[in-house]
Amino acid sequence: DKVQLTEVVPEGPAEKAGLKGGDTVTAFGDKPVKTYVELVDLIRTKKADEKVKITVQRESKPVELEVTLAARPAGAGTDPSRPFGSGLG
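Residues numbered from 1 in each chain as written. Predicted model: local features only at pLDDT ≥ 70, side-chain atom pairs only at ≥ 80, totals over all residues. Heavy atoms only, no water.

**Points about the pattern of salt bridges**
Okay, so step 1: For the structure shown, the criterion picks out 3 salt bridges.
Okay, so step 2: The partner of Lys46 in a salt bridge is Glu50, with the nearest N and O atoms 3.8 Å apart.
Okay, so step 3: Here Lys46 falls in the partly exposed class, since its relative accessible area comes to 33%.
Okay, so step 4: Assessed through its relative accessible area of 28%, Glu50 is described here as partly exposed.
Okay, so step 5: Ionic pairing is found between Lys53 and Glu64, a salt bridge with its closest N-O pair at 3.9 Å. Of this pair, Lys53 sits in strand S4 (residues 51-58) while Glu64 sits in strand S5 (residues 61-68), and the two are 11 residues apart along the sequence.
Okay, so step 6: For Glu64, a relative accessible area of 54% corresponds to the exposed category. (Salt bridge = Lys/Arg side-chain N within 4 Å of Asp/Glu carboxyl O. Buried < 20%, exposed > 50% of the residue type's maximum accessible area, 1.4 Å probe, protein only. Helix = DSSP H or I, 4+ residues; strand = E, 2+ residues; numbered from the N terminus.)

As structure tokens, this is what we get:
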């Protein structure tokens, strides 16, 4: 399993941090991420406006980015194709 971004919401926190469609999330903070469920569980431990380091694989290279989490919109985080609907946009 892996968490690969299919798209990033324009002007959302993920895009502002530099995340791109096609990136594969490998770590959230200091915790490795292997599944969508792990990522959502980690996001839920954080608060809006908190800054978190995210590591992604991009074109077979690791990239570290800092994301400022946003408040989760109603109903976000329920669509498995949109892992960053859960607070990262």
